[in-house]
Amino acid sequence: MRKPLIAGNWKMNGSCASVDALLRALSKGAASVTAELAVFPAFVFLERTRRLLASGTIAWGGQNLAPEPSGAFTGEVSAEMLRDFGCRYVLVGHSERRTLFGETNEWVAAKYQAALRAGLSPILCVGETLQEREQGLTYDVLRTQLNAILTLPTGVKSLEQAVIAYEPVWAIGTGLTAQPETAQEVHAKIRSWVAEYDIKVAENLRILYGGSLKRDGAALLLAMPDIDGGLVGGASLNAEEFLDIALSCNK
């Protein structure tokens, strides 16, 4: 049975004081949650995160990584550096990286491979924009994004080490959320594509929902059979709301 994962992407938010307070509150409430919890702080807070979470059950990861292991790449962070800070996960291909920073499917695939080589579990983000959705291109876009990974030399077996997050770009930061049945349909389709390559990998693969997931409505979304948790944005900066979302998985 797939264990739900509730992951909090803090994006470019936080201060030393607020991060400490948030992590302490999450650590205190984690014992009542059956789902796996993970947080993704800005790079500058990774050491604080490691120090405060080292003795607990909450995992942490990087929001981004470079495809290269080292070199003259000013401002970049490698997978090996993330491992040094105790990261278990790393986000790959988040919609903001694709839309704001122009990351192509090929670039995302290179980062995905770098994560695997370093022993990190990539959380591969896929999703369509509002324009693509209105044009009926949702499945074409998602299939292309997923195929960039499935056609790598590591192939479908690499997904045994990975997680997929479906994040409809039209729902991020807009207050909109996909209806549970709509999200379930997309998640099931993604799983079916993976099953074309390997049924067992598809059955074990965790697919998260990542489109403005909030406390209200989380229970209905997380109850869907092919939704295995959530990639939470703004709501993850509030410990009480983030834990409430995770508690939905207890049911």
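Residues numbered from 1 in each chain as written. Predicted model: local features only at pLDDT ≥ 70, side-chain atom pairs only at ≥ 80, totals over all residues. Heavy atoms only, no water.

Q: Give me the lowdown on the overall build of the chain, citing residues and values where you can.
A: Looking only at helices and strands, the chain features eleven helices and eight strands. Based on the C-alpha atoms only, the size of the chain along its principal axes is roughly 45 × 45 × 35 Å. In the chain, which comprises 251 residues, the share counted as buried stands at 53%. Long-range contacts, defined as pairs at least 24 residues apart, comprise 73% of the intrachain contacts of the chain with a sequence gap of at least 6. (Helix = DSSP H or I, 4+ residues; strand = E, 2+ residues; numbered from the N terminus. Buried < 20%, exposed > 50% of the residue type's maximum accessible area, 1.4 Å probe, protein only. Contact = heavy atoms within 4.5 Å.)

Q: Break down the nonpolar core for me, citing the residues and quoting the values.
A: One finds Ile-6, Leu-26, Leu-37, Leu-159, Ile-164, Ile-190 and Tyr-209 to be the most contacted residues of the largest nonpolar core, which totals 70 residues. Top contributing element to this core by residue count: helix α5 (residues 105–117), with six residues. Among residues more than four places away in sequence, those in contact with Leu-26 are Trp-10, Val-39, Ile-58, Ala-239, Phe-242 and Leu-243. Counting residues in each nonpolar core, the second largest holds 13 residues, with Leu-5, Ala-59, Tyr-89 and Leu-208 among its members. (Core = buried A, V, L, I, M, F, W, Y, C linked by side-chain atoms within 4.5 Å.)

Q: Describe the environment of Phe-43, listing the residues and the values that go with them.
A: With respect to the helices, strands and loops of the structure, Phe-43 is situated in the loop between β2 (36–40) and α2 (46–53). Taking the relative accessible area as the measure of exposure, Phe-43 reaches 33% and is therefore partly exposed.

Q: Provide a residue-level description of α2, including the pertinent values.
A: Among the residues making up α2, those that are buried are Leu-46, Thr-49 and Leu-53. Here the buried residues of α2 occupy an arc of 60° about the axis, which is enough to place them on one side. Buried residues along α2 sit against α1 (16–29), β2, β3 (59–62) and α3 (79–84). (Arc of directions from axis to C-beta.)

Q: Can you lay out the layout of surface pockets for me, pointing to particular residues and giving the numbers?
A: If you add up the space inside the largest pocket, you get close to 410 Å³. In terms of lining residues, the largest pocket is bounded by 14 residues, among which Lys-11, Met-12, Gln-63, Arg-97 and Phe-101 are the most central. Per-element accounting of the lining of the largest pocket gives the leading share, four residues, to helix α4 (residues 95–101). Each pocket or cavity is described by its volume, and for the second largest pocket that value is around 260 Å³. As for the second largest pocket, its lining consists of 14 residues, of which Met-1, Pro-4, Leu-222, Met-224 and Ile-227 are closest to the centre. (1 Å grid on protein atoms, 1.4 Å probe; cavity = no way out; pocket = protein on both sides within 12 Å on 5 of 7 lines; lining within 4 Å. Points joined across faces, edges and corners; volume = space filled by probe spheres on them.)

Q: Break down the packing of helix α10 (residues 215–222) against helix α11 (residues 239–247) for me, citing the residues and quoting the values.
A: Look at α10 against α11: their axes get within 9 Å of each other, and the N-to-C directions meet at 20°. Our classification of the angle between α10 and α11 gives roughly parallel. Judged by the sense of rotation from one axis to the other, the crossing of α10 with α11 is right-handed. Seen from α10, the contacting residues are Arg-215, Ala-218 and Leu-222; seen from α11, they are Glu-240, Glu-241, Asp-244 and Ile-245. In the contact of α10 with α11, the residues fall into three nonpolar, no polar and four charged. (Axes fitted to C-alpha atoms, helices over the stretch in contact; angles between N-to-C directions. Parallel < 35°, antiparallel > 145°, perpendicular 65-115°, else oblique. Left-handed = near helix turned anticlockwise from the far one by under 90°. Nonpolar A, V, L, I, M, F, W, Y, C, P; charged D, E, K, R; others polar.)

Q: An account of unusual backbone geometry is needed here, citing residue identities and associated values.
A: Positive phi outside glycine occurs at Lys-11, with the angle close to 55°. The backbone of Ser-212 shows a phi angle near 55°, a positive value even though the residue is not glycine. Position of Ser-212 among the secondary structure elements: in the loop between β7 (207–209) and α10.

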